[in-house]
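Spelled out from the first residue to the last, the chains are:
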Amino acid sequence: MKQDSDLRNNLKSIRTRLGMSQQDLANIASVTRQTISGVESGQYAPSVAITLRLAKALGCQVEDLFWLERDLPEIEAVLAKPVPNGQQLRVSMARVGGQWIAYPLIGKDAFRQDMIPADGEAVAVVSQSSLGGFPQEELPKGFPGKSKLSNAKGEGTSQTGTNKVRVRLLDDNFDTLHNTVVIAGCAPVISLWARATERWHPQLRVQYNFANSMAALHSLCRGEAHIAGMHLYDPETGEYNTPFVRDVLAGREAVLITLGVWEEGLLLKSGNPMGIKTVNDLVAGGATIVNREIGSGSRMLLEQTLQKEQIPFDAIQGFDNILKSHQDVAQAVVGGVADAGMSTASVATAFGLGFIPLHQSRYDLVILNKYLEEAPVQQLLSTLGHRMVHSQFEILGGYDISKIGEVVATV
């Protein structure tokens, strides 16, 4: 029988994986070698009887061997970040604020510990516009990464890139895409919360996009995330996060819900061989540090601490050595690239490092009011009171979750 144009098979890959020749398979299935060759090349559609014999000979299900290629849907989506022109693009998808957002799975964004499955492939450019990082001028007033308070370069200049694409989905499971909640943030515990929530609500998917506090807040503003996580302290008002949210959201209504209070400070080599106890000891001992990028809460705390002690930024060796995550900072200290770096007590414990606490920071979840009534967001937030979530935080250490789930501010 002539091959159906929609019929696909992976007979050859299964056969070769089992170390069988075409003739070996033909003998076992009681067909000719030409039949095997014709099926594998797509020139011949086997009968039901031959199909069953082939599946039995290979020890698999018929569905493992043959399937119908359906016309999968394509949808228009906004890219969450610019990408190089012409690059093959795997994307993860979610619906945020009534529009589809495509998150490029490129570089580190394509991995956690394992590679992230794609929801689709970008197949055509719809439109182009200017995209990129936020200039320092767009940082909130009083943010230490702005103007004279930081001599490190930010991600300031905008780039020209594609921001609308046609995405060919890899399957038609729209329920999963519609039940995806996107969180932008930098707290490692977000992934613990997400996985615990998905076990409780199997139909829910939580997409965690790594971003420092300011980047997460701007991602929320651009409609790329439902929730932004942040830990920024304003010494002028003595408030956490709210002044920055109010400044960036510029009149949009949102709530701030506490995820927990964590200890931030200096990560040190195990055993603290340099005897570091304060930031002054970094200068006195000639210690080398690694720093975080402008917009991160860890960098902000370091700059505020140095200012309080009247220590010039350039007096600290490595101040301009920038890393992009808590894990990268810890790995730099573990690997001997640096003597110290700013992070949290829980990260220090996870990597077996020493830790000098400098500050307790409140980590809040910022959610626009218009997202609060969406069922996936409600399901996610409801688990903040579940014991399975609390136990994940408690065993990690370095977190006070006594007020987890409380609304601490509205803007």
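Residues numbered from 1 in each chain as written. Predicted model: local features only at pLDDT ≥ 70, side-chain atom pairs only at ≥ 80, totals over all residues. Heavy atoms only, no water.

Draft legend 1. Highlighting the overall build of the protein. Looking only at helices and strands, one finds 16 helices and 19 strands in the protein. Expressed as a percentage of its 411 residues, the buried residues of the protein come to 50%. Put simply, 75% of the contacts in the protein that link residues at least 6 apart link residues at least 24 apart. (Helix = DSSP H or I, 4+ residues; strand = E, 2+ residues; numbered from the N terminus. Buried < 20%, exposed > 50% of the residue type's maximum accessible area, 1.4 Å probe, protein only. Contact = heavy atoms within 4.5 Å.)

Draft legend 2. Spotlight on helix H3 (residues 33-41). Residues of H3 that are buried: Thr35, Ile36, Gly38, Val39 and Glu40. Elements in contact with the buried residues of H3: strand S1 (7-9), helix H1 (11-17), helix H2 (22-29), helix H4 (48-58) and strand S2 (66-68). Among the residues trailing H3, Gly42 stands out with phi positive, at a value near 85 degrees.

Draft legend 3. A look at the pairing of strand S16 (residues 340-344). S16 sits mainly inside the fold: 5 of its 5 residues count as buried. Every second residue of S16 is oriented toward a common face, with Ala340, Met342 and Thr344 on one face and Gly341 and Ser343 on the other, all of them buried. Examined bridge by bridge, strand S13 (residues 254-268) and S16 share 5 bridges and lie antiparallel to one another. Bridge pairing in S16 links Leu266 to Met342. The pairing of strand S14 (residues 289-292) with S16 spans 2 bridges and is parallel. By the bridge assignment, Val290 is partnered in S16 with Gly341. (Pairing = 2+ DSSP bridges.)

Draft legend 4. Expanded view of the environment of Gly59. As for its placement among the helices and strands, Gly59 is situated in the loop between H4 and helix H5 (62-65). A relative accessible area of 65% means that Gly59 is categorised as exposed. Along the primary structure Gly59 and Ile14 are separated by 45 residues, whereas in three dimensions their C-alpha atoms are 9.9 Å apart.

Draft legend 5. Structural view of the nonpolar core. In this structure, Trp193, Leu249, Leu259 and Val366 are the most contacted members of the largest nonpolar core, which totals 58 residues. For this core, the element with the highest residue contribution is S13, accounting for 6 residues. In this view, Leu259 contacts Val189, Ile190, Trp193, Tyr363, Asp364, Leu365, Leu384, Phe393, Ile401 and Ile404; residues no more than four positions away in its chain are not counted. (Core = buried A, V, L, I, M, F, W, Y, C linked by side-chain atoms within 4.5 Å.)

Draft legend 6. Molecular detail of the pattern of salt bridges. Tallied over the entire structure, the rule returns 11 salt bridges. Residues Glu198 and Arg195 are paired through a salt bridge, measuring 2.8 Å at the closest nitrogen-oxygen approach. Within this pair, Glu198 and its partner Arg195 are both found in helix H7 (residues 189-200), separated by 3 residues, close to a single helical turn. A salt bridge links Asp364 to Arg362, with the nearest nitrogen and oxygen atoms 2.7 Å apart. A relative accessible area of 18% means that Arg362 is categorised as buried. (Salt bridge = Lys/Arg side-chain N within 4 Å of Asp/Glu carboxyl O.)

Draft legend 7. Layout of the packing of helix H8 (residues 213-221) against helix H9 (residues 242-249). The geometry of H8 relative to H9 is characterised by a closest axis approach of 10 Å and an angle of 40 degrees between their N-to-C directions. The angle between the axes of H8 and H9 places the two elements in the oblique class. The element H8 and its partner H9 pack so that their crossing is right-handed. Only Phe244, Val245, Val248 and Leu249 of H9 make contact with H8, whose side of the interface consists of Met214, Leu217, His218, Leu220 and Cys221. Split into classes, the residues belonging to the contact of H8 with H9 amount to 8 nonpolar, 1 polar and no charged. (Axes fitted to C-alpha atoms, helices over the stretch in contact; angles between N-to-C directions. Parallel < 35°, antiparallel > 145°, perpendicular 65-115°, else oblique. Left-handed = near helix turned anticlockwise from the far one by under 90°. Nonpolar A, V, L, I, M, F, W, Y, C, P; charged D, E, K, R; others polar.)

Draft legend 8. Looking closely at the layout of surface pockets. Space inside the second largest pocket adds up to approximately 260 Å³. Looking at the second largest pocket, it is lined by 13 residues, and the ones nearest its centre are Gln304, Thr305, Lys308, Glu309 and Leu358. Elements represented by at least two residues in the lining of the second largest pocket include exactly helix H10 (279-284), helix H11 (297-308) and strand S17 (354-368). Looking at the lining of the second largest pocket, the element that brings in the most residues is H11, giving 4 residues. When the residues that make up the lining of the second largest pocket are grouped by side-chain class, the tally is 5 nonpolar, 5 polar and 3 charged. (1 Å grid on protein atoms, 1.4 Å probe; cavity = no way out; pocket = protein on both sides within 12 Å on 5 of 7 lines; lining within 4 Å. Points joined across faces, edges and corners; volume = space filled by probe spheres on them.)

Draft legend 9. Representation of the side chain of Thr258. One can find Thr258 in strand S13. Thr258 gets classed as buried once you look at its relative accessible area, which sits at 3%. For Thr258, the side chain forms a polar contact with the side chain of Asp364, separated by 3.1 Å. Residues contacting Thr258, with those up to four places away along its chain left out, are Arg362, Tyr363, Asp364, Lys403, Ile404, Gly405, Glu406 and Val408. (Polar contact = N/O pair within 3.5 Å; in protein donor to acceptor, adjacent residues only side chain to side chain.)

Draft legend 10. Quick peek at empty space enclosed by the protein. One pass over the full model with this rule turns up 2 cavities of 30 Å³ or more. The calculated volume of the largest cavity comes to roughly 50 Å³. Lining the largest cavity, in full, are His231, Leu232, Tyr233, Glu264, Gly297, Met300, Leu301, Gln304, His359 and Ser361. Among the elements that take part in the lining of the largest cavity, H11 stands out by supplying 4 residues, more than any other. Residues of the lining of the largest cavity, tallied by class, amount to 4 nonpolar, 5 polar and 1 charged. The calculated volume of the second largest cavity comes to roughly 40 Å³. As for the second largest cavity, its lining consists of Leu268, Lys269, Asn272, Pro273, Met274, Ile276 and Asp339. Across the lining of the second largest cavity, the residue classes tally to 4 nonpolar, 1 polar and 2 charged.

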